[in-house]
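So you can see what is in the structure, the chains are spelled out below.
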Amino acid sequence: MCVRDLVPLRLVTCYDVSNDALIETAKKLPLLEELELCHCEFATEVLEVVGHLCPQLKLFRLNYRTYWCSHFEGDDKTLAIATSMTQLRHLHLFGNMLTDTGLRAILDGCAYLESLDLRRCFNLNLEGDLLKRCVDGIRNLRLPEDSTDDYEFGTDGDNNESDGDTDAYEFGVQRDEDDFYLDRDEYYEIYGEREDEYESDRDDYGFYADWRYGYF
């Protein structure tokens, strides 16, 4: 099969694949219909370029393990998807930073969506008519609090290994020399106490920092 005829492309935890390499690959795949970037970190501009280079994309997965830090929000990637991948039928945004603004852009820009996975997107409030638009317009909808039992990889907070190709992250564990995970006491020693409203659950959860992703 010619590489130009390749239908799916899947990149999982591909830390060494550069932005330029992904763009050059996309240039050779104008007929690409399925793209997965799982636990990878590519620039927002790259996603937009890839979307325009591969206009026949029907399925796109941009999944992370979990995003649950309310101090950081980001709609840049979802806005790029909304403007460059308008033919999508299936979109997976597991563990992303998007807010209601980004979700609204997706609904406006990707009019043919049949399935949308928003699990672990905890910055979403689904205010106003947003939830109704999702429920009425999308056949297969997964909301932030929905079960992750069928998710292929581990999610932040899991203490069990996943069945997929990637080990689940554990709180307070340093997996190797390149990953820095802080336990609860180390986290507060460096960053100080959290806001008062979070004090009640501080003893129930461990915290870590993964500097490669910038997620806490």
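Numbering of residues begins from 1 in every chain and follows the order in which that chain's sequence is written. For this predicted model, a pLDDT threshold of at least 70 governs which residues receive local features, and a threshold of 80 or more governs which side-chain atom pairs are given and counted, while totals over whole chains, interfaces and linings are taken from all residues. Computation of side-chain values: all heavy atoms of the structure, hydrogens and water removed.

## As for the sheet that holds strand β1 (residues 8–12)
And then number 1: Overall, parallel pairing links the 6 strands, which are arranged β1-β2-β3-β4-β5-β6 in an open sheet. The sheet terminates laterally at β1 and β6 (140–142), the two strands that pair on one side only. Taking the axes of each pair of neighbouring strands and ignoring which way they run, one obtains an average angle of 5° across the sheet.
And then number 2: Two elements, strand β3 (residues 59–63) and strand β4 (residues 90–92), share 3 bridges in a ladder whose sense is parallel. Bridged to arginine 61 within β4 is histidine 92. Two strands are counted as paired when DSSP detects at least two bridges linking them. By the criteria applied, helices consist of DSSP H or I runs no shorter than four residues and strands consist of E runs no shorter than two, each listed in order from the N terminus. Working convention: axes come from line fits to C-alpha atoms, limited for helices to the stretch in contact. Angles between N-to-C directions cover 0 to 180 degrees.

## A short note on the nonpolar core
And then number 1: Here, nonpolar core means buried Ala, Val, Leu, Ile, Met, Phe, Trp, Tyr and Cys residues that are tied together by side-chain atoms lying within 4.5 Å of each other. Think of it in three bands: residues with accessible area under 20% of the maximum for their type are buried, residues over 50% are exposed, and the middle band is partly exposed, with areas taken using a 1.4 Å probe on protein chains only. In this structure, Phe60, Ile81 and Leu103 are the most contacted members of the largest nonpolar core, which totals 41 residues.
And then number 2: Of all the elements in the fold, those that place two or more residues in this core are β1, α1 (19–27), β2 (34–38), α2 (44–53), β3, α3 (76–84), α4 (100–109) and α5 (130–137).
And then number 3: Tallying contributions element by element places α4 first for this core, with 4 residues.
And then number 4: In what follows, residue pairs with any heavy atoms lying within 4.5 Å of each other are defined as contacts. Among all residues touching isoleucine 81, those that are not within four sequence positions of it are Phe60, Leu62, Leu88, Leu91, Leu93, Ile106 and Cys110.

## A look at the confidence of the model for the protein
And then number 1: What pLDDT reports is the predictor's confidence in each residue, on a scale of 0 through 100. Per-residue confidence for the protein gives a mean pLDDT of 75; residues scoring 70 or more make up 64%.
And then number 2: With pLDDT under 50 throughout, residues 157–188 is counted as low confidence; its partners more than four residues away or in other chains account for 79 contacts.
And then number 3: Throughout residues 193–216 the model reports pLDDT below 50, and contacts reaching past four residues in sequence, or to other chains, amount to 62 contacts.

## Looking at the packing of α4 against α5
And then number 1: Two elements in contact, α4 and α5, have axes whose closest approach is 11 Å; the angle formed by their N-to-C orientations is 35°. Every pair of crossing elements has a handedness; the one defined by α4 and α5 is left-handed. For the pair α4 and α5, the contacting residues are Asp100, Leu103, Arg104, Leu107 and Asp108 in the first and Leu130, Arg133 and Cys134 in the second.
And then number 2: The nonpolar class holds Ala, Val, Leu, Ile, Met, Phe, Trp, Tyr, Cys and Pro. Asp, Glu, Lys and Arg form the charged class, and all remaining residues, Gly among them, are polar. Across the contact of α4 with α5, the residue classes tally to 4 nonpolar, no polar and 4 charged. The handedness criterion is simple: a crossing whose near helix is rotated anticlockwise from the far helix by less than a right angle is left-handed, and one whose near helix is rotated clockwise is right-handed.

## A word on α3
And then number 1: Within α3 the residues assigned to the buried category are Lys77, Thr78, Ala80, Ile81, Ala82 and Ser84.
And then number 2: The elements touched by buried residues of α3 are α2, β3, β4 and α4.

## Thoughts on the packing of α2 against α3
And then number 1: The interhelical angle for the contact between α2 and α3, taken along N-to-C directions, is 15°, at an axis separation of 9 Å. Relative to α3, α2 is oriented roughly parallel. Pair α2 / α3 crosses with right-handed handedness. Judged by residue contacts, Thr44, Leu47, Glu48, Gly51 and His52 of α2 engage Asp76, Lys77, Ala80, Thr83 and Ser84 from α3.
And then number 2: Among the residues forming the contact of α2 with α3, the class breakdown is 2 nonpolar, 5 polar and 3 charged. By the definition adopted for this analysis, an angle is roughly parallel if under 35 degrees, roughly antiparallel if over 145, roughly perpendicular if from 65 to 115, and oblique otherwise.

## Here's the deal with the environment of leucine 35
And then number 1: Considering the arrangement of structural elements, one finds leucine 35 in strand β2.
And then number 2: A relative accessible area of 3% means that leucine 35 is categorised as buried.
And then number 3: Sequence-wise, leucine 35 and leucine 91 are 56 residues apart; in three dimensions their C-alpha atoms are separated by 10.0 Å.
And then number 4: Those residues in contact with leucine 35 that lie beyond four places of it in its chain are Leu9, Val50, Leu57, Leu59, Phe60 and Arg61.

## Structural notes on the environment of leucine 107
And then number 1: Take leucine 107: it is sitting in helix α4.
And then number 2: For leucine 107, a relative accessible area of 13% puts it in the buried group.
And then number 3: Taking C-alpha positions, leucine 107 is 7.9 Å from alanine 82, a pair spaced 25 residues apart along the chain.
And then number 4: Leaving out residues up to four positions away in the same chain, leucine 107 has contacts with Leu130, Arg133, Cys134 and Ile138.

## A word on α1
And then number 1: Taken together, the buried positions of α1 are occupied by Leu22, Ile23 and Ala26. What you see down the axis of α1 is that its buried residues fit within an arc of 100°, all on one side. Note: the arc covers the axis-to-C-beta directions of the helix.

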